[in-house]
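# Structure at a glance
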Amino acid sequence: MIANTKLLRFATSVTRHSHKMPTVSFSQLACFSTSSAINNDVDSASEFLRSIPASGGITLDISSSHKCAILTLHNPSRRNVLTPSMMIDLAAHIQDLENICIKENGGKKEFVALLLRGEGGYFCSGADLLLARQRLASPEGGAAMSLFMSHWTTRLRRLPLISVAGINGGGVGGGT
């Protein structure tokens, strides 16, 4: 078990071939086989993303009388492009929702649904490509963002809530 392996060390060992696509060996992936190793790397990725100054935010509204929590992307001047600070906000709100769902486990449900929406006539125009070119273009930066978002979107998907995206205007993105 390699619990102290950090994301940046992992990312620097990613090799590039002549076709410019990063490849990872099975031994490198084995570093991420334990939960503690993954959590350490997500923590490293989180610290890396926190170091990048960026605009925008995400809010969580849990005041709904309709048993629906609402996550709203707030970066309308840039069509709700997802910035590193918004990724950090998303992670914090997912933790809040997990804690709410744990409390509800033994009794009456406070929330049954989650609405994800964008402010200002746009849902989301994807990741902030300007910041990505400036700060995430390295193997380390790209690996940090990829690991962080994969971890947190998986936890979002596992929430015991009906998830709905309120898409108004464009919705653009990539990934698996």
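Report follows, based on the coordinates. Source: prediction; values computed, not measured. (Residues numbered from 1 in each chain as written. Predicted model: local features only at pLDDT ≥ 70, side-chain atom pairs only at ≥ 80, totals over all residues. Heavy atoms only, no water.)

## Points about the overall build of the chain
When helices and strands are counted, the chain shows six helices and six strands. Along the chain, from the amino end to the carboxyl end, the secondary structure elements read α-β-β-α-α-β-β-α-β-α-α-β. Relative to its full complement of 176 residues, the chain shows a buried share of 39%. Sequence-distant contacts in the chain: of pairs separated by 6 or more residues, those separated by 24 or more amount to 77%. Working note: accessible area of the chain is about 10100 Å², and carbon and sulfur atoms make up 57% of it. (Helix = DSSP H or I, 4+ residues; strand = E, 2+ residues; numbered from the N terminus. Buried < 20%, exposed > 50% of the residue type's maximum accessible area, 1.4 Å probe, protein only. Contact = heavy atoms within 4.5 Å. Areas by Shrake-Rupley, 256 points an atom, 1.4 Å probe, with all protein chains shown as cover.)

## Points about the packing of aromatic side chains
Applying the stated rule across the entire model yields one aromatic pair. Judged by centre distance (6.3 Å) and plane angle (50°), the ring pair of F148 and W152 falls under tilted. Of the two residues, F148 and W152 both sit in helix α6 (residues 139-157), four residues apart, roughly one turn of that helix. The exposure class assigned to W152 is buried, which follows from its relative accessible area of 7%. (Phe/Tyr/Trp six-rings, centres within 6.5 Å; stacked < 30°, edge-to-face > 60°.)

## Considering the sheet that holds strand β6 (residues 162-166)
Pairing is mixed in the open sheet, where four strands are placed in the order β3-β4-β5-β6. One side of each edge strand has no neighbouring strand; the edge strands of this open sheet are β3 (57-61) and β6. Averaged over all pairs of adjacent strands, the angle between their axes in this sheet comes to 15°, without regard to strand direction. Pairing between β3 and strand β4 (residues 68-74): five bridges, direction antiparallel. Bridging from a neighbouring strand, I58 pairs with L73 of β4. (Pairing = 2+ DSSP bridges. Axes fitted to C-alpha atoms, helices over the stretch in contact; angles between N-to-C directions.)

## With respect to the nonpolar core
In this structure, L49, I58, L82, L97, L114, F148 and L161 are the most contacted members of the largest nonpolar core, which totals 34 residues. Of all the secondary structure elements, the ones that give two or more residues to this core are α3 (35-50), β3, β4, α4 (84-104), α5 (129-136) and α6. Examining the composition of this core, we find that nine residues originate from one element, α4, more than from any other. Look past the residues within four positions of F148 in its chain and what remains in contact with it is V42, A45, S46, L49, M87, I88 and A91. (Core = buried A, V, L, I, M, F, W, Y, C linked by side-chain atoms within 4.5 Å.)

## Re unusual backbone geometry
Unlike most non-glycine residues, K67 shows phi in positive territory, near 60°. Tracing the backbone shows K67 in the loop between β3 and β4. For K67, a relative accessible area of 32% gives the class partly exposed. Not every positive phi belongs to a glycine, and N80 is a case in point at roughly 55°.

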